[in-house]
Structure formats: structure tokens, C-alpha cells
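Observations on chain architecture
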Amino acid sequence: MNDLSLISRQLQRETQAHEEARHRLLKNTREASERSYASNTVYGRKAVKTLLEPVAAQIRKRYGALSSGKSGMDAVEVVNHLKHANAETLALIAMKTVLDVLGKEAEPLLQELTTRVGRNVQLELRLCYYAEQEPDLYKKTEFFFHKSTGTGQKATVFTRAFNKEEIEWERWPNIINHKVGAWLINALIEATGWLVPRFIKRGKRTRKVMTYTDAFLSHRDTIMAAAESLSFCQWPMLCPPVDWSNDTNGGYLTESVRQMNPLIRKAAKVAPVKQGDIPIAMLNRLQQQPYKINSLVLAVADHCYENFISVGKFKRDAPMPIPENRLAKDADDDTVNEYKRARRDAENYNAQLAQKNWRTTEVMYIARKYADEAAFWCSASMDYRGRIYFQSTFNVQGTDFDKSLVLFAEEGPVNRYWLSVHLATTAGLDKETMTTRVQWVDDNIDLINSIASDPIHDKRWHDAAEPWSYLAACLEFKATCIDCTRDTSGLMCGIDATASGLQHLAALTLCGDTSAEVNVTPTEKPGDIYRTVAEVAKKYMPEKFHPWMNRRVTKRSVMCCPYGVTQSSSRNYIRLALKEAGHEFTSQDLTVITNAIFKKAIPEVLPGPIAVMKWLKQSAIDILDSGKESIQWTTPSGFVVNQDLRISNTIEVQTRLMGGARIKSTIADGFLGPDRSHHRSALAPNAVHSKDSALLHLTFAFWDKPFSVIHDCVMGRSCDMDAMAAEIRLHFAEMYKAPVLQQWADQVGVQLDPDLIKNTLDLESVNQSTYFFC
């Protein structure tokens, strides 16, 4: 098929993607309205964000008049019942309630609407009262709620829990709900002009109802029309994406019209800067890589999908049956409550199910759409650190399941060694030597053959570290190395950096000790910095915790060290790892373990990186103190990073009942100047991420074989892996032969501490490091 045919088909596909997105938008809007969630629609969120501040101001104004006794019907009741309420919270509840009620019913009775608003205000104040009286009980009760839990159920569960502790809230009678609701609706009408009362005949009686004004309906329709026009499902492309440049947008063919995906995602607030040729060349080369769907994996996924079988990140859980009400008329309270709990649990589970399964459902939908295509492409762009992100919903940067569905369209000769390494790695042997991985495959030929021959019934692949990628590797290995029915392969073999942040910090400071721990220098088997920290931590904790110490417990804390991990975050990572391992521990135990790892072991094992982190944090403050509002530097690949982090001129309104909203000020550009705290915490991770991005830019800008990337992981065909591994080592060594840290300090205008540079690393040695990427 020639290029013009592909372009024509892609234009049709983008039209289809627009219509599909538009259909989904209208369907979701309709369903949300029918379920009384119109406040969560596009027009509902826009209305709240735009008008919440004026409504809150009007509530404050009217309440001030009431408090001073100047005017107002039902002033005493309103003042007494709202004296502890926040104006923004009241505005948010009133607006959301009105949107939800009128979204479902166009002409609700006035008293139905006012009572609903008043009741929701009462529920909010009741929850706040509970939280103030017993914070621990409140948190404990709240922990079991999902965000889909209804407001009525929240109120019931909280009331039951607090009544047991004899903490009671004096309920408002409906007349008070009505008076409070009517007062707030009047404030809403005065501030927005949303609503108008009307008299209609219902049967023989004339009733007063509330309806939207024509002005609001026009405003709503304008918002929806704009949302419809911009709707677009970002699917893979049927032709190569348009190349990017500093002057023109790339990616989808219709991007020049839609203008939704810039070259730099979440770019700085100032005018965009010109990027270097190498980063853009690498991005365009990546976009030119053709892929195809792995039909064998898709067939297995189809079976799992149709039979509600979840495997790894493939979530396809079945709905829970709703218990049938078979209660006898004289059933005791315990039996009734047990039935109610079972029904509530089933309904809560089912309410969350669509969201839980959404990712799998969407990926399956797209994979089936592209299953018969000879090739497809994925458009991509960069973030402001230079990292590459694909734009399509389905791509190799997704879950293990997503990756398993993708093959390179251009196959190459089979390299059994690298195919074996990849197969064993996905099975969970990623920390073993290459020789051990290859030997494991040779020793498990029968297992691999059995799984690949009948993956539906032989479910042993379900327990692999990366089950779907492991299955894909088994299927490929059987065809190419056992049955030998094919001598080419498009399987994507991956090699991953060992704690890439620490690798870059080791090179920046020329630190040989850190380099040895993270495989920058040659070792007989892969270094494991996470296990090293776990072993050192044992010195600083009671012996009873020693059996718990392994790489899983320390991994997140160590991995995030270059990115400014805090003690609080480290404590949470450790807590989750211990819980996953099934250990029981007290808060005091967790404190002892966290201190041993975070305060003792990590600084002992990684003194150099810790010192660099401290220096980078201080550098952020020094740069801002010099008068700069953003921090800008150019990476070794020529990518210009602009860390432009400002304090947003917004008010965050959170309710315990209905969630929250962010209100943006209309003053100037909505920002109040540089966010010093955010700059300080972000500079270290951004400096490191910009270096791993630069390495990939330099490695692949002129690479002429199939490849793909996931930040610090690279993928290629088995026949190309030797060359790819050598190329990435070569560019790493070349990149850091320059005094990169000194150059960075000169660019941002800070003084480099000479003690940070250790000069104990021979950069050329990385070229002999088998496990630098492995």
C-alpha cells in the first residue's frame, strides 16, 4: 500500500477517532446526568470552576447582612445553622446539588430542590463535626469508602459509627433544610442568574418549580459544542506521524488544526524556547518505527476477557452478584444488618468495577481495531525535561499487558541468546547473570513449550514477574527456537538501567564506589544496590527484623533517592512493602525500620548522591534568590530544560461530602510568582531526568534499526541487542567525559562544591559493563 493510501486511511481514522470521542462525551454526559452527577460533566465542572468564587462572595455578603440583623427572611435560622460554615464550601455544595438535580430533572419542585441543598449542607457540617470530635474514628471510618460511595451511604455509616461512641448530631428538621437551601439558592441566583422560578400545572394543582434560564442553557450548549469539537481518541496511526520541528507541530495529521498536542508537554508559562536538533531528530526517528499487534497474545487475551480472568495488570473482574432479599418478616436486627452489609459491599464493588477494568477494556478495544493492520505507528512528544511520551492511549509505555501486544513490524534474524535473556528476565530472573538466565531457559524448555502450546490451560505463566511479556516470549521462543517454524522475530527485547538516577549521579560526580553498586563499572554479576542497603540496614535494627530485610523493602526508598525522596515517603514505601510481604508490625516498629534504612543505611551506602541532592536543593534557592523566576539549562543533547514552577493563584475547596474544586483567580495570568518549595524539591529529580533523557537522545538520534523507549528502558529486536547495548554504553561514557556538573552549575549561575567530584571513576570502564543496561 502506497503512502497516499496510508495517509487517506489515517485521515479517515482520525475522523472516526473524533466521532468516537464525541459519542463517548455525549454518552458519559447523558449517563452522568441520569445518575444525578451532572456536576461532574464537562459543562458542570466548567460552571463550578468559573462561577464558584462569585457565588461564595455573594454568600458572604448576604450572610453579613443577616448577621447584622439588617434584612432577610428566616435570618435567625440561617445564621444559627450556618455560623460554622465556610462560604466557598457552601457555594460548592449549592452549585453541585443544583447541577445534579436539574441534570436529571429539568423542572424540579422548588421545595424538593431547596430541601436537597439544605440536607447536603447539613451532612457536610455533620461530617465536619464528627471529624473534630474524634479524628481517629473519622479516619478509620473514612478509610473504607471508595470515591464512588454515595453521600447518603456515607452519612449512614458515619452516623452509625459515631452513635456507637455516643457522639450524636442533632438532626435538622426538613423545614430548616428548606430554609437554608432556599437562602443559598437565592444567593446562587443573584450571583449567576442560572435559575428562574416558574409555575406549572401538575394535575389539578399549580406548582412552583425551578428551571435553568435561557442564558445558562446557551452557556452550557456553548461549552459542550467546544468540547465536542475538540474531542479526539488518541489511537495509533495507520501512517507515519508528521515530523516535529521547532516551528511546526508533528504527530497526528489533523494536529495542525486541533492544536492540542505541543512538542513539549506542560511547557513553561513563558514563550517556548528553541530545542536542539538532536532531541527532535531522536523524537522523529522514534515516531517512524512501525509496530504490529501480536495476534497470538491477543487470542489469549480475548479468552481471558470473555471469561472474566484477570492476570497481572490485565484486570477483567466479574460483577459481584447482588444478594437476594430473603429476609423473614420477623428477622432480627443482626440478620437484617448482615444482609444490608452484604448488599452494600456488592453494590460498592460493582460501582467501582467499570473504572477498575477500564484500562483493560480500552486496550482490548484498540488492539482488536488494529489486529489486522500490517503496521501502525505511535506519535510522541516530550515533557519539559526531555523525556519521551507516546500520545496514543495504547503504546509500549503502558502496562506489561500493553507491551506484550506489540511487535516490531520489521522483523529481523533470531538471536537465541538475547531471546533467552529476555524470556528469563520477564520470568523474574532480572537480577541473575546473563549466563544464569540463558541456562534457566535451556533447563526449562519443557515448561516453555507447554505454556506456549496451551496457554489457556497451562496457567503457570500467570505467576511470572511480567506474565504477559513472559507469555509473549514463550510463544516467540517456541516458534523460533523449539519448532523452528520461523527464523525471524519482531519481539521487543528490553534492557533496563540499574537505578538510572544513581548511575547518572555516579557519572556526574565521577564516583567509583557508587558506580560499582549500580553497574556503571564491570562486575561478574549484576550489582544490586537495593539488597546492599537492606543488608547494611540490619546493623541498625533489632535482630528480629533481619529476616524481613530484602530488596523489595528498600527498593522504592533507594530508587527515589536521586529524586529527593522524603522520610515520610520512604516510610510509606517501606510500610507497603512489609504489608505486601504479610508482616505484622506496630507504628513503633515501622519507625525503627524506616530510621535504619532512610537515616542510616542509605547515607552510609550512598554518601555521594546524598551530598549532591543536598547541594541541588540549596542551588534552587540560590538561583531564585538571584532574581530568576525559573531555572533553565541545556542538556548534553541540546535539549533546553525550563523548570518554571509558580504558585498558582487558586483556592482549593474540599468538602467531606462532595469532593472538591479548584477556583482560579482572574487576576493577571493566574500565578503569584515562583514556587520556592516546589523548585527546591523538583530540581534534583529534574536535573537527573534531563540527563537520562539526553542519553537516549544521543543514542537514538541516528539509530537506523527498530527501537522503542520507556524512559530508562530501551527495546529492540534480539538481533540488534548487542549493538544497542554497546551504543548506549558508548554514549554514556562520551556524554560524561565533559565536566557535565560544572557546566550545569555555570549555566544556572551557582558555585559547584569541588568536594562533590570524587574522580574515582574511569568512564571508559562502562563500555565493558555487561550489566549497565540488562
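Predicted, not measured: the structure shown is a model, and the values here were computed from it.

1. Looking at the overall build of the protein
Tallying secondary structure elements over the protein gives 28 helices and 18 strands in all. A globule of 774 residues ought to have a C-alpha radius of gyration of about 28 Å, and the protein, at 30 Å, matches this closely. Counting only C-alpha atoms, the protein reaches 85 × 60 × 60 Å along its principal axes. Across the 774 residues of the protein, 50% fall into the buried class.

2. What about the pairing of strand S12 (residues 640–643)?
Side chains of S12 alternate between two faces, with Val 640 and Asn 642 and Val 641 and Gln 643 buried alike. Summarising the sheet, strand S11 (residues 631–634) and S12 pair through 4 bridges and their orientation is antiparallel. Along S12, the bridge assignment pairs Trp 633 with Val 641. The hairpin turn running from S11 into S12, its antiparallel successor, is 5 residues long, and Gly 638 in that turn takes a positive phi close to 95 degrees.

3. Some remarks on the sheet that holds strand S6 (residues 388–390)
As summarised here, the arrangement of the 3 strands in space is S3-S5-S6, forming an open sheet in which the pairing is mixed. Both edges of this open sheet fall to strand S3 (264–265) and S6, since each of them pairs with a single strand only. Of the strand pairs in this sheet, S3 and strand S5 (residues 380–383) are connected by 2 bridges, and their pairing is parallel. Following the sheet pairing, Arg 265 is matched in S5 by Asp 383.

4. Concerning the side chain of Ser 718
Among the structural elements, Ser 718 can be located in the loop between strand S18 (713–716) and helix H27 (721–735). Apart from residues no more than four positions distant in its own chain, Ser 718 is found in contact with Pro 413, Val 414, Asn 415, Trp 418, Leu 419, Leu 491 and Cys 493.

5. With respect to the packing of aromatic side chains
What describes a pair of aromatic rings is the distance from one ring centre to the other and the angle between the planes of the rings. In the structure shown here, the tally under the stated rule is 28 aromatic pairs. Measuring from ring centre to ring centre gives 5.2 Å for Phe 545 and Trp 548, while their planes differ by 50 degrees; the resulting arrangement is tilted. Each member of the pair, Phe 545 as well as Trp 548, carries the same accessibility label: buried. Among the aromatic residues, those joined into a ring-pair cluster are Tyr 129, Tyr 130, Tyr 138, Phe 158, Phe 162, Trp 169 and Trp 172. Positioned above the aromatic ring of Tyr 305 is the side chain of Arg 368, whose terminal nitrogen or guanidinium carbon lies 5.0 Å from the ring centre. Sitting above the plane of the Tyr 384 ring, Arg 385 keeps its charged end 5.9 Å from the centroid.

6. Focus on the pattern of salt bridges
The tally for this structure, following the rule as stated, stands at 36 salt bridges. Arg 416 is the partner of Asp 442 in a salt bridge, and the nearest nitrogen-oxygen pair spans 3.3 Å. Placement of the pair is Asp 442 in helix H16 (residues 434–443) and Arg 416 in helix H15 (residues 416–427), with a sequence separation of 26 residues. On the basis of relative accessible area, Asp 442 is assigned to the partly exposed category, the value being 36%. We classify Arg 416 as partly exposed; its relative accessible area is 37%. Measuring nitrogen to oxygen at the nearest pair gives 3.0 Å for the salt bridge that ties Arg 676 to Asp 625. Residue Arg 676 is located in helix H26 (residues 676–700), and its partner Asp 625 is located in helix H25 (residues 607–625); the two are separated by 51 residues in the primary sequence. In the salt-bridge network here, residues are joined through shared partners; they are Glu 19, Arg 22 and Glu 228.

7. Comments concerning the nonpolar core
If you look at soluble globular proteins, the nonpolar side chains tend to sit buried side by side. Within the largest apolar cluster, 162 residues are counted, with the highest numbers of intra-cluster contacts made by Trp 468 and Ile 529. The leading source of residues in this core is H26, at 10 residues. Aside from chain neighbours lying at most four places away, what touches Trp 468 is Val 297, Val 300, Ala 301, Cys 304, Val 311, Phe 314, Asp 400, Phe 401, Ser 404 and Trp 461. The next biggest cluster of nonpolar side chains, apart from the first, holds 43 residues, and it includes Leu 92, Leu 184, Met 210 and Val 653.

8. Regarding the side chain of Gln 287
Along the chain, Gln 287 turns up in helix H11 (residues 277–287). By relative accessible area, which is 0% here, Gln 287 ends up buried. A distance of 3.2 Å separates a polar atom in the side chain of Gln 287 from the backbone oxygen of Val 242. Those residues in contact with Gln 287 that lie beyond four places of it in its chain are Pro 241, Val 242, Asp 243, Trp 244, Gly 251, Trp 377, Cys 378, Ser 379 and Ala 380.

9. Notes on the sheet that holds strand S10 (residues 493–496)
Across the sheet, which stays open at both edges, the 3 strands sit in the order S10-S18-S17 with antiparallel pairing between neighbours. Edge positions in the open sheet fall to S10 and strand S17 (707–710), since each of these has one partner strand only. Neighbour to neighbour, the strand axes of the sheet diverge by 20 degrees on average, direction disregarded. One ladder, built from 4 bridges, connects S10 with S18; its direction is antiparallel. Directly across from Gly 494, in S18, lies its bridge partner Met 715.

10. Some details on H15
Taking 1.5 Å of rise per residue, the 12 residues of H15 would be expected to cover 16 Å, and the 16 Å separating its terminal C-alpha atoms lies within 8% of that figure. Every buried residue of H15 is accounted for by Trp 418, Leu 419, Ser 420, Val 421, His 422, Leu 423, Ala 424, Thr 425, Thr 426 and Ala 427. Looking at the buried side of H15, the elements it contacts are H16, helix H17 (445–453), helix H18 (467–482), S10 and H27. Of the residues that open H15, the one with a side-chain oxygen 3.1 Å from the backbone nitrogen of Tyr 417 is Asn 415. Phi turns positive, to about 125 degrees, at Gly 428, one or two residues after H15.

11. Structural notes on a nonpolar patch on the surface
Where nonpolar side chains cluster on the molecular surface, the patch consists of Leu 4, Ile 7 and Leu 11 and spans about 280 Å² of accessible area. Note that Ile 7 resides in helix H1 (residues 3–34).

12. Quick notes on the environment of Cys 493
Mapping Cys 493 onto the fold places it in strand S10. You can call Cys 493 buried: its relative accessible area is 1%. Ignoring any residue separated from it by four or fewer positions in sequence, one finds Cys 493 in contact with Trp 418, Leu 419, His 422, Val 714, Met 715, Gly 716, Ser 718 and Met 721.

13. What to know about the pairing of S18
In S18, alternate side chains face the same way, and those of Cys 713 and Met 715 on one face and Val 714 and Gly 716 on the other are all buried. As consecutive antiparallel partners, S17 and S18 are separated by 2 residues, and within that stretch His 711 has a phi angle of approximately 60 degrees, a positive value.

14. Quick word on a positive patch on the surface
On the surface, a cluster of positive charge is made up of Arg 160, Lys 164, Lys 340 and Arg 341. Going through the elements one at a time, helix H7 (151–164) and helix H13 (333–370) are the ones with two or more residues in the positive patch. One can find Arg 341 in helix H13. By relative accessible area, Arg 341 is classed as partly exposed at 43%.

Calculation notes
Residues numbered from 1 in each chain as written. Predicted model: local features only at pLDDT ≥ 70, side-chain atom pairs only at ≥ 80, totals over all residues. Heavy atoms only, no water. Helix = DSSP H or I, 4+ residues; strand = E, 2+ residues; numbered from the N terminus. Rg over C-alpha atoms; globule rule 2.2 N^0.38 Å. Buried < 20%, exposed > 50% of the residue type's maximum accessible area, 1.4 Å probe, protein only. Pairing = 2+ DSSP bridges. Contact = heavy atoms within 4.5 Å. Phe/Tyr/Trp six-rings, centres within 6.5 Å; stacked < 30°, edge-to-face > 60°. Lys NZ or Arg CZ within 6 Å of the ring centre and 35° of its normal. Salt bridge = Lys/Arg side-chain N within 4 Å of Asp/Glu carboxyl O. Core = buried A, V, L, I, M, F, W, Y, C linked by side-chain atoms within 4.5 Å. Polar contact = N/O pair within 3.5 Å; in protein donor to acceptor, adjacent residues only side chain to side chain. Axes fitted to C-alpha atoms, helices over the stretch in contact; angles between N-to-C directions. Expected span 1.5 Å × (residues − 1). Patch = residues over 30% accessible without salt bridge, like charges linked within 9 Å, V, L, I, M, F, W, Y side chains within 5 Å. Areas by Shrake-Rupley, 256 points an atom, 1.4 Å probe, with all protein chains shown as cover. Lys, Arg positive; Asp, Glu negative; His and termini not counted. Charge placed at Lys NZ, Arg CZ, Asp CG, Glu CD.

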